[in-house]
Every structure is written in structure tokens, then in C-alpha cells.
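Observations on the model geometry
As a plain string of letters, each chain reads:
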Amino acid sequence: MLIEKSAIEIAKEIKERKLSALEVCETFYNHCKEENQKTNALIRLDERALEKAKLIDEGKVTSGELLGVPIVVKDNFCIKGRETSACSKILEGFVSPYTAHCIERLEKQGAIVIAQSNMDEFAMGSSNETSAYGPCKNPIDLTRVPGGSSGGSAAAVAQKMAPISVGSDTGGSIRQPASFCGVTGIKPTYGAVSRYGMIAFASSLDQAGPLARNVNDAALALKIMIGKDVRDSTNIDFDFKSHKETKNKKYKVGIIKEFFESDLQPEIKNGLDNMLKMFKDKGWEVVEVEIPHTRFAIPVYYLIAASEASSNLSRYDGIRYGLRDINIDDGRSVNELKEFYKLTRSRGLGNEVKRRILLGTFALSAGYYDEFYIKACRVRRLIFDDFQKAFQKCDHIVGPVTTHTAFKINEKNDDPIKMYNNDILTVPASLSGLPCMSLPMGKDDLGLPFGAQIISPQFEDSKMIEFASQVEQLFVEGGQI
Amino acid sequence: MNKKNNISEIADLACLKFDKLEQDTFQDSFEQILTFFEILNEAEVNGVQPMITPHEVITTLRQDIINPDISVDNLMELAPDSKDSLYKVPPVV
Amino acid sequence: MIFKDKYKVNIGLEIHAQLNSKSKCFSSASTEFGKGHNNHVTLICAGFPGTLPVLNAEAVRLAIKTASALNCNIQKTSIFSRKQYFYPDMPKGYQITQFEYPIALNGYVDFYLEEEKVRVELERAHMEEDAGKSTHYGEYSLINLNRAGTPLLEIVSKPIMTSPQMAAGFAKTVRQVLRYAEVCDGNLEQGSMRCDCNVSIRLKDEEKLGTKVELKNINSFRFIEKAIEYEVQRQIQCLENGEEIFQETRLYDSVKNKTISMRKKEAANDYRYFPEPDLMPLQLEEEFINRIVSELSEGPIVRVERFVQDFQLSLEEALLLTSERELSDFFEQTILKINEPKMVSNWLTGEVTRLYNESSLEDWSKIPFSADTFSNLLNMINNNEISGKIGKEVLEEMWKTSKTPQEIVQEKGLSLLSDENKLQSIIESILNSHQDKVEEYRNGKVKLYGFFVGQVMKETQGQASPPIVNKILKEKLK
Ligand SMILES: [Mg+2]
Ligand SMILES: [Zn+2]
């Protein structure tokens, strides 16, 4: 079936004219429409996709590594001429006048955006429940969350709405939903993909990355997304060599003591043990490494992310774009500046976003800055240093992505701390700017998927993918997935 | 760690407002979160430089070139309210 | 002034200078002044979602140039921060500005205050972006973002100035330095240079500085003096009445010559500075800094002192000549052609300056004749081809028509009458018709000499060559 095909196959067959790009596009487009009723993974379909596909069939567009491949893009990437809202009411009606750099790069390689996907508002959430467009459901169990914040992007790939989707990861927002939905998701090294055009949540943590059903598709998308962009000062001139399988490399694989000591669901623990056994069978060395400052990772992450977010979201003020909601009773509207700001912002932003703005505003405020924000930045370095040390002992680190499989919708909604703790295994790598990914590893007794996390040294994204490819191979051979 | 007893001051800085019920809910979760964050007191950070960005690449500088990317008409189209190609807001003085 | 002896005054200035790069500090929008509404606005200037700042290399170069012209220490690492507050002319909800780690520290400005050399030390100079402009219409305000994001260098003096005159002198000198370095036109009225004054007073024997009040909205050097003058009096009055001085911002109203409270700096003004995570620290190579510093030409104070030394000018003359760089350049070009510094200086600071002031020229580089042409005029005077008086007439004509002095003298027949025979007969006939006066002169009434010269000039319509007239008259009157 067409929707089962990988991105690489689709592009190849379109290029060889074995497949019509329009047929591909229509098939996925219709599949999106149908499937979306179950999960609400998508919030907007892009009907322009069909026109673009026609251009390929007409021979007007002939090249590109993703020629005619439909992709789904998280709603925090600006797309020219399309409403882009980061699933927030405050950006209601905002039609972006430009396209994000990494999306532009994918489009240049022939990829066609067919839809924008659901997400937690401004990417603040781990369950996709904070979206202004309503929650997205987990396609494997509709009573459960798909994870977040890239819940829609993960669900869309799991539902085969597109072979590739684009997400963003600040503290686990690609890896955790990938794990919950049984797909592959990569967060590259901080600075690898330009952030230009990606609506900011936390500037020093945000990274765009791909999700796909296999490592090869994800790797190809990532290779395309990475590229020097002078419009992002934190973007690195990144030398990304596409991975080639070096046979017989005897890997030294690190496992983080603190991760394995956490309260893991038994099936996940088993899955990990199995994986390590396979590694050893292959002659790879497994070494224990320590990230002793892991226990501080959640407060450090939430303080830094909230501080940056509180500032990044100040621009949503109802003056230049998006929502302006200043009506008070009997048709009058407020005409006092401070109140004007407060009304639009309070009505346009959701509760979790407000909570984090408050937290960040507090952490940066006079008298608390050193104690909270700066302290968090110092501990951040300690965590970074922990990883530097760990990588002296191993090539890559493996471990769980989450302690448990997907939880129920509303299960953690009232308890922010529970929700925040959910990210304990993903934020350490984020804080350290390391490349990391989630790879489907198995399913629990209820059939809910969970992933293996791979964390690699800074800038070694292509080596990580090379390694992931081999691990994926082991899982396939072992019948684990 | 000391806490601000009242989030209303913080909300004011952030240009947010809450009704009484919301205020109490936010106040509660805010205090819970800060209590939870007290674990940071145990971190030994003497002499550790704050890490702002997880990599330290060379400064990127832009050439001094004019390159417009949006027209004033498009800007005004996107604006909730404007007059004579200027953004319209409540009186600022 | 009442009670003035009881108090000490401390004044510090914060001067914002727009750096004249073509594009803005963090975006590629034009910095041109006064074009159509919101016409120089990019997505970055308007704070669109997903946009990011990228620092303009030219703004950095100009900042380094300015700071080194102000004798600052350029810092190899400086860091941009976000200064956060909500205001409609600041689209992102924060201003990108250097806070803890500015691009330049220390520095000083030397200048002459009533012929006495003074030094005002600087605390720092830092880079930041300008805000947009809001205009108020009662029921609403309108926002123009053309200026938003223009690169600024904020120059901060130590609070060590003790008089309004000193503060104005400092500000004038900074403007002069900016113009000499060609980094900013220093136009106070158009706002390319803006001065905020921090004023505090304390009792004579008090160690600690008093509560500082910030004065804004001052758009001329004269108003700097007047605003501070007023504010000092107001503060003295406050203390004498037993009232408290609040730390606040006050606007200067030049019509009423008063300062008016704008807003109290309360706890609510918490800017929540933190390092801008969208920009990496600005790292400068020593070589890069040195190259920019080496391009810097002589500053105004050095030039003043060189003029006094090399050309034996008075300090007052040198100060006048160097007030604008282009004027002093013109002076130097002229004396290459005619080595008469004193004469050139007199003409430039006198007649030429008068014409310049009456004109609406933007600056001295625009004057309608070259140093070469100007030196020709002076040479003609020196060679007795025309008199000094005629020279002034010719100069005015040169200003109006851009013709050469030779052309003007010829066209108007202004050249001096130096034909001795002709003058001889004119003088003879004058003496003949004033026999009585000649007699009186010879009897000792030498004052009459001027009368005879006057008569000759009258007869020749001022064109008689004075030295020749003198020679003949002296002989005939013997
Ligand atoms: Mg200042
Ligand atoms: Zn400033």
C-alpha cells in the first residue's frame, strides 16, 4: 500500500515516474482527512499541496531528495501564506508572511507540506493537552495522550498520514511523543538546525527535528534540515555527513546509572535489558556511566525554559498581529494601556503557558535572579560536564525515553509537578545541547509502545544515526518491534 | 529559598491578570513548584560559570546590507488595528 | 541663587548616539530617517514570531570607533542582554542591550570650559537598539517602528559634573567627537543624539550622593543647561522645605522652562535583565579592534592644541576653528596655499562664519567654494590687488555665485588703482582744493591725515591702493 511506503521509496518512485506525485499527495491527503477524525493530530490541511504535486507530474519540478514526499509540520513552524499559531489562541488568525528556514530546505528538496499538526500551546506540555485546538489522542489507544509537545507530529507519522513529520524538542518534545506513539524521532545537536521561523519557546533549548517510521527516513529529513543559516546566530556551520553503515564497529555503549535506577515500568526495564543483551551478543561493550546531577535536571530545565519563555512570549501583545481581545461589557473596549495588554494576553494564553510565564518572570525578577535563574544556569553546566565525562568512557549512551508508556488523557493534568517529572529522562540531554533520539524498542502488556533513547556527543549527529541504524537492525532481527 | 507570597505582583510584571479563583489556583501550583525546586539548594555551584547556550561558537555578524522582507501594506493587514499605516494602541501617556 | 553654597551638585549624563550604519542593529531594515510610516520595518523589527536577531558588523565597527575616540577600553568580550518591559514602541517586549558586560569601559572626554581644560570621566559605553516612535492623539496613540532597532551607543559619564555649564560643555564635546569620528551626525533636534541628565544634590559635607533624578526630552545644548539649572533649584527648594526628593524621571518643558514628573521609578520597574540567548557573546579579536582604532583620525581636543602650538593661534581662535571638523579641515587646506594662519583664521572665524551662519547649509563641507579659491582671495588682498574691504564684497559674491575672486574683481572692476601717475594727479588736485587743511596739517594737526586719505578714497570709489596713496601723500604733505 502506498501509505506504507517509506519517504525514500516514494521519492525514488516519483523520480522514476513509477508513481504520480498527485496520486501520492491525494492518497495521503485523503488519508489525513479520514484518520484525523480519530486523533485530532492535524489542525490544518494545506490544499495547496495538490497543486504542488501537479507541478512535479507536469515536469516543472524534477529534482529533490524528497521529491513529492508529503510531510506534516508542527504548528510552531511558520509557513508563508498559512495560519501559524503554535496552537495558541493568541495567534489566532495570524497568517505567516514567511516560511521557517528548515521547512524551506525540505521544500527545496521536493517535500510537500500537506498539513500542520497539533501540539501543546507554544510547545509547553508533555501530553498535547494544552493545545487551543483541543487534545490530540494517541492513535494506539485513543484514551491516552500521544505525548507532547509534538504529539500531533508523532501521531501523524504513527497513523501514516505522512512518512515524515517535523517536530521541535525543547525538553523532550520529539523524543517522548515518538516513544509514546512508536515512531522514530531525532533531536539534533543544539544549533544544528536553524531556529529561524520556528516560534520560540526556550531559545537556548529549542531544536527542530524530524519524526518518521524508520531511521533512514528520519536521517534523510534531518540531513536536509541541517544547513548554515545566517539568520540564526546560534546556528552552527554544521558538517553533517549522511550516515553509512560501518560494519563491525565494536561500540562502547554507556548506560546512565541514574536513568536505570529510576522508577521504570517493568516492560521498559525488560526491553532495556534485552537490548543490552543483544549489544553484548554482538560484541559491544556496555559500560555504566554517571550523570550525578540528573536529580537537578527538572528544576534546572523548568527554570531556564520558563525564564526564556516568559521573555519570548512578551511579543504577543495584540498590537502587530494575532489576537486583540479588549472588549469589556456592553460593547465597550478597554482604553488603558496596561489593561489592554493584560486583557489580550490573559484571554489569548492558556493556563500552562501562563503558569510558565509566571515562573519565568519570577525567576528573573529583582532579588530572585541569582538564586533561581543564574543558579539553574550554573547547574546546567554541571550536567553538561557530567556528559562530557561520561563520553570519555563510551561512544553513545542508551536508556529509556520515559519511565512509563503513554498515560491517560487528563491523568496528570491537575498536577504540574507530576507532568514536569515526566520529562526527567529527556531534559538532561536537552540542557547539554546533545544530539539524542528515540527509537521504537518494544510494547508493554497493553500494547503501548516505548522507545529507546540514544544520546551522543555534541556535533556527532551522524554517528548517532549510524549507531541508531544498527540498533534498529538489531530490534528488527530480534523481532522486538 | 524565599518565596514571593503573592503572584499578583509577578502577574503584573508579566502583563497577565487573574480572577480570584484563578489567582488561588495559580498561587497554589506556584508554591508547590517552588517547594519542589528547593532541591536546587543542594547543588554545589561555587565557581561554576553559568551556562547560557550549550555551545560556544564564534559570534555571527551580519553584513550591513538593506534587505526588506515585508511591505508596510502586509504589515498593516496583519495588525489588529492601524491608522495611516501606523499601529493604533490606547494612549501611552 | 539661594542656598547654593549649602549644597554640592552631581551631574551625570547618559548620551544615546545613533550609529550611522546603513541597516539596523539586528535586522536588515534601512536606518534612513523620516521615510513613510513603518516603511523601514522588517519582520525582525516588528518582533514577528520565529524571527531572530543577528548583529550588524558595521554597528560593531562604529561602536568600537566611537568608544575609542572617547578613550574607552574596548572589551574583547561583551554580552547582550534583554531589558524587559511592555511598551508599544518596543515590539518584542524587551530591548536588546548590553548590561553587565558592555563593549567599552572607562574612558574620558577633555574639553575647555571657559578657557580652562577639564576632564570628564566615563563609566562605560554600550551597544543597544533604539525603540520606535509613538505619537499621541488623546484617545489613542500611533506607533511607527521605522526607528525601532537602529543601533545606538549609550555613553555614560560618571556622575561627577558639578555645574550645568560643565554638563553642556561635555555634551557638546561628545557631539564634536562623534562628528569628528564620522559615526553620528549628533543632531539633537532630530534625535540622532539624545541626552539624559542625572541630577542629584547633597549637603556640602555629605559623602554619599543624593537621590538622583533623571531628566529626559532635552533637545538642545542650551536646554541642557537650563533644565539642570531648574532642576538643581527645584531640588534645593525641596530639601529646604523639608520635602523628600524622589528617584524619578522628569521631562523638561522648554516652553515653561520647567521639569515635570513623568513616572516614579518604583519597584514595578523591574527590567528582569538576562543574557540574550538568541545572540552569542560578542568576541572581538585584538587585531580587529586595533585596525579600527588605527583608522581613527585626530579628535577635536588634539586638534585645538595642535593649532595653538603650530600656528600660534589663541586658544579662543583655535576653539572656534575646530568647533566643526570640516571647518578646521578647510583651515588647514587653506594655509597650505597661503601660509598666513592668523589671517586665514580671522577670515574664517569672522566673515566666512557669518555667511555660513546666515545660510542653511548642513555642514561646513558644503560651502560653495574650495580652500584653493578662498586662498586666491586672500592672496589678492595680500598682494594689494584689492583692499580688505573690497575682499569682503568679493567673498559675499563668491558665496552667492561660486565664481572665482579673479572673475568677480574683473567683472565688477574692483581691482585697486595703483597707477602712481594717475594717483599723483588726483592727490595733487585734492590738496589744491584744500589748501587751508594742508596748512593746518603742516602746523601740526596730524590728525587731518585721515581726512586726506578719505578724500582720495572717495574720489577713487575705494579702489586706490592704500600703500601707494600713503607714499604719495606723505611726500606731498612734507
Ligand atoms: Mg540608560
Ligand atoms: Zn539606553
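Here the structure is shown first, and the text comes after it.
Heads up: these notes are all about the structure in this document. (Residues numbered from 1 in each chain as written. Chains lettered and ligands numbered in written order. Predicted model: local features only at pLDDT ≥ 70, side-chain atom pairs only at ≥ 80, totals over all residues. Heavy atoms only, no water.)

**A short note on the pairing of strand E6 (residues 207-212) of chain A**
Residues and elements named next belong to chain A. Of all the six residues making up E6, six are buried; the element is thus mostly covered by neighbouring parts of the structure. As paired elements, strand E4 (residues 164-169) and E6 share six bridges and run antiparallel to each other. In the strand pairing of E6, Gly167 is matched with Gly209. (Buried < 20%, exposed > 50% of the residue type's maximum accessible area, 1.4 Å probe, protein only. Helix = DSSP H or I, 4+ residues; strand = E, 2+ residues; numbered from the N terminus. Pairing = 2+ DSSP bridges.)

**Details of the coordination of the zinc ion (ligand 2)**
Residue and element names in this part refer to chain C. Distances from the zinc ion (ligand 2) to its protein donors, His16 (NE2), Glu128 (OE) and Glu154 (OE), fall at 2.0 to 2.1 Å. We note that the donor set of the zinc ion (ligand 2) lies within a single chain, spaced as H-x111-E-x25-E. Metal-to-metal, the separation of the zinc ion (ligand 2) and the magnesium ion (ligand 1) is 3.9 Å; Glu154 coordinates the two. Here His16, found in strand E1 (residues 7-18), pairs with Glu154, found in strand E12 (residues 151-157); they are 138 residues apart in sequence, far enough to count as distant. Considered together, His16 and Glu154 belong to a single accessibility category, that of buried residues. (Donors = N, O, S within 2.8 Å, 3.2 Å for Na, K, Ca; no water.)

**Observations regarding the coordination of the magnesium ion (ligand 1)**
All names here are of chain C. Coordination of the magnesium ion (ligand 1) by the protein involves Glu14 (OE) and Glu154 (OE), with metal-donor separations of 2.4 to 2.6 Å. Classification of Glu14 as buried rests on a relative accessible area of 15%. Accessibility expressed as a relative area gives 8% for Glu154, which makes it buried.

**Quick notes on the environment of Ile39(B)**
Take Ile39(B): it is sitting in the loop between helix H2 (20-36) and strand E1 (61-62). Leave out the neighbours within four places in its chain, and Ile39(B) touches Arg295(A), Phe296(A) and Pro299(A). (Contact = heavy atoms within 4.5 Å.)

**Some points on the packing of helix H7 (residues 325-337) of chain C against helix H9 (residues 371-382) of chain C**
Residues and elements named next belong to chain C. Packing of H7 against H9 leaves a shortest axis separation of 9 Å and a crossing angle of 55 degrees. Here H7 lies oblique to H9, going by the angle between them. The interaxial crossing formed by H7 with H9 has right-handed handedness. Here H7 contributes Phe330, Gln333, Thr334 and Lys337 to the contact with H9, which in turn contributes Ala371, Asp372, Phe374, Ser375, Leu378 and Asn379. Grouping the constituent residues of the contact of H7 with H9 by class yields four nonpolar, four polar and two charged. (Axes fitted to C-alpha atoms, helices over the stretch in contact; angles between N-to-C directions. Parallel < 35°, antiparallel > 145°, perpendicular 65-115°, else oblique. Left-handed = near helix turned anticlockwise from the far one by under 90°. Nonpolar A, V, L, I, M, F, W, Y, C, P; charged D, E, K, R; others polar.)

**What to know about empty space enclosed by the protein**
Residues and elements named next belong to chain A. Tallied over the entire structure, the rule returns four cavities of 30 Å³ or more. Roughly 70 Å³ of volume is contained in the largest cavity. Gly125, Ser126, Ser173, Tyr301 and Asp423 are, among the 13 residues lining the largest cavity, the residues nearest its centre. Split by residue class, the lining of the largest cavity holds four nonpolar, seven polar and two charged. (1 Å grid on protein atoms, 1.4 Å probe; cavity = no way out; pocket = protein on both sides within 12 Å on 5 of 7 lines; lining within 4 Å. Points joined across faces, edges and corners; volume = space filled by probe spheres on them.)

**Points about the pairing of strand E9 (residues 116-129) of chain C**
Regular strands place their side chains on alternate faces of the sheet. Residues and elements named next belong to chain C. Relative to E9, strand E7 (residues 104-105) runs antiparallel, the two sharing two bridges. The residue of E9 that forms the bridge with Ala104 is Ala125. In the sheet, strand E8 (residues 108-113) pairs with E9 via six bridges, with the strands oriented antiparallel. Each bridged residue has a counterpart across the sheet, and for Phe111 the counterpart in E9 is Val118. In this structure, the hairpin formed by E8 and E9 is closed by a connection of two residues, where Glu114 is found at a positive phi of approximately 45 degrees. In the sheet, E9 pairs with E12 via seven bridges, with the strands oriented antiparallel.

**Here we look at the environment of Gly348(A)**
Residues and elements named next belong to chain A. Take Gly348: it is sitting in helix H11 (residues 337-348). You can call Gly348 buried: its relative accessible area is 1%. Along the primary structure Gly348 and Gln37 are separated by 311 residues, whereas in three dimensions their C-alpha atoms are 26 Å apart.

**As for the interface of chain A and chain C**
With 39 residues of chain A at the interface, the matching set in chain C holds 32 residues. Both faces considered, chain A and chain C share a buried interface measuring about 2,900 Å² in area, 57% of it formed by carbon and sulfur atoms. Of all residues in chain A, the largest losses of buried area upon contact with chain C belong to Ser233(A), Arg315(A) and Arg320(A), amounting jointly to 21% of the total for that side. In this structure, Asp278(C) and Arg195(A) form a salt bridge, with 3.1 Å as the shortest nitrogen-oxygen distance. (Buried area = accessible area lost by both parts, 1.4 Å probe. Salt bridge = Lys/Arg side-chain N within 4 Å of Asp/Glu carboxyl O.)

**Quick notes on the sheet that holds strand E9 (residues 396-400) of chain A**
All names here are of chain A. Taken together, the eleven strands give an open sheet; going across it, the order is E1-E3-E2-E4-E6-E5-E10-E11-E9-E7-E8, and neighbouring strands pair in mixed fashion. The open sheet has two edge strands with one neighbour each: strand E1 (42-45) and strand E8 (285-289). Averaged over all adjacent pairs, the angle separating strand axes in this sheet is 30 degrees, with direction ignored. Taken together, the four bridges between E9 and strand E11 (residues 449-455) define a ladder with antiparallel strand orientation. Bridge pairing in E11 places Ile397 opposite Ile455. Along the sheet face, helix H2 (residues 21-39) touches E1, strand E2 (70-74) and strand E3 (112-117) and points at about 140 degrees away from the line of E1. Those strands touched by helix H7 (residues 215-225) are E4, strand E5 (184-187), E6 and strand E10 (436-443), and its axis lies near 150 degrees from that of E6.

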